[in-house]
Amino acid sequence: MSSFLRPADADEPPLTLLPDQSSYRPVSSHLAIAPPVSVVIPAMNEAENLPYVFKTLPDWIHEVILVDGNSTDDTVRVARELRPDVTVVTQRGRGKGDALISGFAACTGKIIVMVDADGSADGGEIVSYVSALVSGADFAKGSRFANGGGTDDMTLIRKLGNRVLTALVNAKFGARYTDLCYGYNAFWRHCLDEIALDCAGFEVETLMNIRVVKAGLRVQEIPSHEYNRIHGVSNLRAVRDGLRVLKVVLRERGTRKRIARPALITGDAR
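Computed from a predicted model, the values in this text were never measured in an experiment.

Q: How would you explain the environment of D122 if you had to name every residue and give the values?
A: Within the element layout of this structure, D122 appears in the loop between β6 (111–114) and α4 (126–134). Under the relative-accessibility criterion, D122 is labelled partly exposed at 25%. Each C-alpha atom, one on D122 and one on Y227, is 8.1 Å from the other, the two residues being 105 residues apart in sequence. If near-sequence neighbours (up to four positions away) are discounted, D122 is found in contact with T56, Y184 and Y227.

Quick look at the structure:
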């Protein structure tokens, strides 16, 4: 989205196609947006990783919501030192799904981006997600296996499990995803009313991906590169969490599919 100006005559003010440029945030030399962007980061004992995560976040975002899962290290202190305007939400329940739901409720932006706190995601990619949304998508879904994406973190067993689960969701729900269990996504805040999240664990990412399809929302896959966790050990357990994802898929098969409009699921965001 950009404004176009014609050369002004000496006695004539310049003409712009944008009614109020002051409301737009410059994102790059060719893109400016009006919708404020909220970034939600669930974190538990990620004090060592937050400097890397915050460093990659673009300066044009509206706010950062850090959801603290009752950390026993300096996660909250480090977050406030790095970004004094950060909003800290203390998680009352447990699990990534519960943390994200708490973070989403605190957002004031019209666009919400969810980013992991382990340093595996590049905040510089947020511009691609936002570009897809302002271009017409409802939900911008990160994919490590779309053309241009990649991963340094997944083991062979996790890749195999992700591929099987992705194929299952595509077959059962009419999606065309290339990646299912990935937590780097962005969406318009109004989408939360359509998908009504109600799970507490890592399977929340799969639940979101299924429900946006069932709701008929427009989805755009965004090629994304996943890096290795910088510090600490992941709480992810391939077999345990894979079974939880499978339970979500089977449960959602039995619920009513409501199509508000045809779902458009494509590959790369160009």
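Q: An account of the side chain of T75 is needed here, citing residue identities and associated values.
A: The topology assignment puts T75 in helix α2 (residues 75–82). Of note is the side chain of T75, whose polar atom sits 2.9 Å from the backbone nitrogen of E46. Not counting residues within four places of it along the chain, the set of residues in contact with T75 comprises A43, N45, E46, A47, L50, L66 and D68.

Q: Tell me what's going on with the packing of aromatic side chains, and back it up with residues and numbers.
A: This structure, assessed with the given rule, holds four aromatic pairs. Measuring from ring centre to ring centre gives 5.3 Å for F104 and F187, while their planes differ by 85°; the resulting arrangement is edge-to-face. Of this pair, F104 sits in helix α3 (residues 96–106) while F187 sits in strand β9 (residues 185–188), placing them 83 residues apart in sequence. Ring geometry for Y129 and Y184: centres 4.6 Å apart, planes at 25°, overall stacked. Note that Y129 is positioned in helix α4 and Y184 in the loop between α5 (156–173) and β9, a separation of 55 residues in sequence. Residue Y129 is classed as buried on the basis of its relative accessible area of 0%.

Q: Please set out the nonpolar core residue by residue, giving values where relevant.
A: Within the largest apolar cluster, 70 residues are counted, with the highest numbers of intra-cluster contacts made by I41, F104, V113 and M208. For this core, the element with the highest residue contribution is helix α7 (residues 204–214), accounting for six residues.

Q: An account of the confidence of the model for the chain is requested, with residue identities and associated values reported.
A: Across the chain, pLDDT averages 85, with 83% of residues at or above 70. Counted against residues more than four places away or in other chains, residues 1–10, with its pLDDT under 50, gives 17 contacts.

Q: Just give me the short version of the environment of R244, but keep the residues and values in it.
A: By the element assignment, R244 lies in helix α8 (residues 238–253). With a relative accessible area of 35%, R244 lands in the partly exposed category. For R244 and F202, which are 42 residues apart along the polypeptide, the C-alpha to C-alpha distance reads 8.2 Å. Setting aside its immediate chain neighbours within four residues, R244 contacts G201 and E203. Among the polar contacts made by the side chain of R244, one reaches the side chain of E203 at a distance of 3.2 Å.

Q: If you had to explain the environment of N45 to someone new, which residues and values would you point to?
A: Secondary-structure assignment places N45 in the loop between β3 (37–43) and α1 (50–56). The spacing of N45 and T72 is 27 residues in sequence and 6.2 Å in space, taken between C-alpha atoms. Among the polar contacts listed, one links the side chain of N45 to the backbone nitrogen of T72, at a separation of 2.6 Å. A distance of 3.2 Å separates a polar atom in the side chain of N45 from the backbone nitrogen of D73.

Q: Go over α7, please, and point to the residues and values.
A: Counting buried residues in α7 gives eleven out of eleven residues, a clear majority hidden from the surface. Every buried residue belonging to α7 is among V204, E205, T206, L207, M208, N209, I210, R211, V212, V213 and K214, and all of these are buried. Positive backbone phi, approximately 75°, marks G216, located one or two places after α7.

Q: Could you give an account of α3, naming the residues involved and the relevant values?
A: Taken residue by residue, α3 has K96, G97, A99, L100, G103 and F104 as its buried positions. The arc that holds the buried residues of α3, viewed along the axis, is 160°, so those residues lie on one side. Close packing links the buried residues of α3 with β3, β4 (63–68), β6, β9, α6 (191–195) and α7.

Q: Tell me about the pattern of salt bridges, and name the residues and values.
A: Tallied over the entire structure, the rule returns 16 salt bridges. The salt bridge partner of R211 is D198, with a shortest N-O separation of 3.3 Å. Linking R211 in helix α7 with D198 in the loop between α6 and α7, this pair joins segments that are 13 residues apart in sequence. Taking the relative accessible area as the measure of exposure, R211 reaches 13% and is therefore buried. By relative accessible area, which is 48% here, D198 ends up partly exposed. Residue R211 pairs with E252 through a salt bridge whose shortest N-O separation is 2.9 Å. Of this pair, R211 sits in helix α7 while E252 sits in helix α8, and the two are 41 residues apart along the sequence. One connected set of salt bridges, linked through shared partners, spans D198, R211, K214, R251 and E252.

Rules behind the numbers
- Numbering of residues starts from 1 in each chain and follows the order in which that chain's sequence is written.
- Side-chain atom pairs in this predicted model are given and counted only at pLDDT of 80 or more, local residue features only at pLDDT of at least 70, and totals for whole chains, interfaces and linings cover all residues.
- As a rule here, side-chain values cover all heavy atoms of the structure and leave hydrogens and water aside.
- By the criteria applied, helices consist of DSSP H or I runs no shorter than four residues and strands consist of E runs no shorter than two, each listed in order from the N terminus.
- Three exposure classes are used, based on accessible area relative to the maximum for each residue type with a 1.4 Å probe and protein chains only: buried under 20%, partly exposed in between, and exposed over 50%.
- Residue contacts follow a heavy-atom distance rule, with two residues in contact if any of their heavy atoms lie within 4.5 Å.
- In protein, a polar contact requires one atom able to donate a hydrogen and another able to accept it; more generally it is a pair of N or O atoms within 3.5 Å, and residues adjacent in sequence count only if both atoms are side-chain atoms.
- Aromatic contacts are taken between Phe, Tyr and Trp rings whose centres are within 6.5 Å, Trp giving its six-membered ring; a plane angle under 30 degrees counts as stacked, one over 60 as edge-to-face, and the others as tilted.
- Side-chain atoms within 4.5 Å link the members of a nonpolar core, which is a set of buried Ala, Val, Leu, Ile, Met, Phe, Trp, Tyr and Cys residues.
- The pLDDT score gives, residue by residue, the confidence of the prediction method on a 0 to 100 scale.
- By definition, the arc is the one covered by directions from the helix axis to the C-beta atoms.
- Think of a salt bridge as a Lys or Arg side-chain nitrogen and an Asp or Glu carboxyl oxygen that are within 4 Å of each other.

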